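Examination of the molecular architecture
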Amino acid sequence: MNLQGYIVRRVCMLPLMVVGITLLTFVLSHAVPADPVSANLGDQAAANPAVVAAFRHQWGLDRPLPEQYLIYVWNLVRGNMGISISTHQPVLIDLREHTPATIELALAAMFLSLIIGIPLGILAAVRRDTVMDQLGRGVSLIGVSIPVFWLGIVALFIFYARLGWAPSAGEISPRLPLPPFVTGFVVVDALLAGQRAVALDALAHLALPAIVLSSASIGVITRMMRGSMLDVLGEDYVRTARSKGLPARRVTLRHVARNALLPVITVIALSFGGLLSGAVVTETVFAWPGLGSYAFQSASSLDFPAIMGVGIVVAVVYVLMNLLSDVGYAAADPRVRMG
C-alpha cells in the first residue's frame with residue numbers, strides 16, 4: 001500500500017470516530033449527578049415549578065435523552081453546536097474566541113518540549129551512566145510526577161510574588177489594549193498590527209504557563225527518546241558505521257537519532273493532544289482566557305452545550321493528531337506502509 005492509499009484509509013475512518021466522540025461526550029456530560037436548573041437559576045428560582053418548566057423547555061431538557069442526542073447531532077451536522085446556557089451566545093462563537101489562546105499556549109509548550117526533551121534524551125543515551133544521564137532521568141521523573149496545578153501555583157508564588165521576574169496572571173497586561181483579532185494568537189496579532197510592545201508583553205505572559213504546561217511532556221519525550229536511542233545504539237548498522245571510521249557526531253545524529261525518532265513521533269502527537277486537555281488546570285491557575293477556562297466555567301454551571309462543544313473539539317484534535325502521527329510514521333518508515 002502506498003502512502004496516499006494509507007492516508008485515504010485513515011481519513012475514511014474519521015466520520016465513524018466523530019460519531020463515537022459525539023455519543024461519548026453526550027453520555028458523559030449528561031451523566032453528572034447534578035441539576036442544571038439549580039446551577040443556573042439558583043435555589044430560589046428552582047423552587048418555582050413554572051420557572052423550572054420554562055427553563056427545561058427552553059434548553060430542551062424536558063425531552064428524552066435519545067431525542068436530545070438526535071437533535072444535537074442533526075444541529076451539529078448543520079454546523080450548529082447550540083447556545084451556551086451561561087453566555088447565551090452560540091457555542092461556536094465561544095469556541096472561536098477561546099480556542100486560539102489554548103492553541104497558542106499548547107504550541108509554545110510543545111516547542112519547549114521538543115527543544116528540551118529530544119536533545120536531553122539524546123545526550124542521556126549517548127552518555128549513559130554519566131551525570132548527563134542522571135540529569136535526563138531526573139528531569140523525566142520530575143516532569144511526569146509533579147502535578148501541573150501544584151507546579152503552577154509554586155511557579156506563580158516564586159517568580160511573580162517573590163522574585164518579580166514574571167508578570168501577573170493573564171494573557172496580557174491590563175494597561176495594554178488587545179490587538180485587532182486576526183488569528184486569535186495575541187503575539188501574532190500584535191506583530192501583524194505593528195504593536196511590538198504588546199507582542200513582548202504577551203510573550204512575557206506566555207512564558208511561565210508554557211513552561212509549567214510543558215513539564216509533563218518534557219519528561220515523557222525525554223524518557224521515550226532516551227529509551228529509543230539506547231535500542232538503536234545496539235543495532236548492527238550502528239556498529240558498522242562506527243567501524244568504517246565515521247565521526248561520532250555523524251553516527252549519532254544521522255544514523256541513530258534519525259531512526260530513534262520514529263517511535264517518538266507518536267508520543268509527540270499524543271502529547272500535543274494532552275497539552276490541550278491539560279490546559280484546563282494551567283489556564284485556571286494563570287487566568288488564561290482559553291478553552292480550559294471556558295471548560296471549567298461551563299462545568300461549574302453545568303452548561304451542557306458548552307461542555308459538549310469543548311469535549312468534541314479536544315477529542316477531534318486527539319483524532320487528528322493520531323492521524324498525523326500515523327501518516328508521519330508511515331512517511332518516515334516504509335516498513336509500516338508495506339506491512
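Because the structure is a prediction, the values reported are computed rather than measured.

**So, the overall build of the protein chain**
When you go through the protein chain residue by residue, the secondary structure sums to 15 helices and zero strands. Looking at the 339 residues of the protein chain, the share that counts as buried comes to 40%. Counting only carbon and sulfur atoms, one obtains 67% of the accessible surface of the protein chain, whose full area is about 18,000 Å².

**Comments concerning helix 12 (residues 248–285)**
For helix 12, spanning 38 residues, the distance from its first C-alpha to its last is only 45 Å, which falls clearly below the expected 56 Å at 1.5 Å a residue. Along its length, helix 12 reaches its greatest deviation from straightness, about 45 degrees, at P263.

**Structural notes on the side chain of E104**
Looking at the element boundaries, E104 is found in helix 6 (residues 91–126). Although E104 lies buried, it forms no salt bridge, and the closest oppositely charged side chain, R96, sits 15 Å away as judged by the N-O distance. For E104, the side chain forms a polar contact with the main-chain nitrogen of V186, separated by 3.5 Å. In contact with E104, not counting residues within four places along its chain, are E171, F185, V186, V187, L206 and W288.

Cut-offs applied
Starting from 1, residues in each chain are numbered consecutively following that chain's sequence as written. Whole-chain, interface and lining totals are the exception, using all residues; otherwise, since this is a predicted model, local features are given only for residues with pLDDT of at least 70 and side-chain atom pairs are given and counted only at 80 or more. As a rule here, side-chain values come from all non-hydrogen atoms in the structure, and water together with hydrogens is ignored. Only runs of H or I of at least four residues qualify as helices and only runs of E of at least two qualify as strands under DSSP, and these elements are numbered from the N terminus. Exposure classes here rest on a 1.4 Å probe applied to the protein chains alone. A residue is buried below 20% of its type maximum, exposed above 50%, and partly exposed in between. Only the protein chains shown count as covering a residue, and every accessible area follows the Shrake-Rupley method with a 1.4 Å probe. The span one expects for a helix is its residue count, reduced by one, times 1.5 Å. A residue's bend is given by the angle between axes fitted to the 7 residues ending at it and the 7 residues starting at it. Note on charges: Lys and Arg go in the positive column, Asp and Glu in the negative column, and His and the chain ends are not counted at all. Just to be clear on terms, a salt bridge is a Lys or Arg side-chain nitrogen sitting within 4 Å of an Asp or Glu carboxyl oxygen. Pairs of N or O atoms within 3.5 Å make up the polar contacts considered here, provided that, within protein, one atom can donate a hydrogen while the other can accept it, and that residues adjacent in sequence are counted only when both atoms are side-chain atoms. Throughout, a residue-residue contact means that at least one pair of heavy atoms, one from each residue, lies within 4.5 Å.

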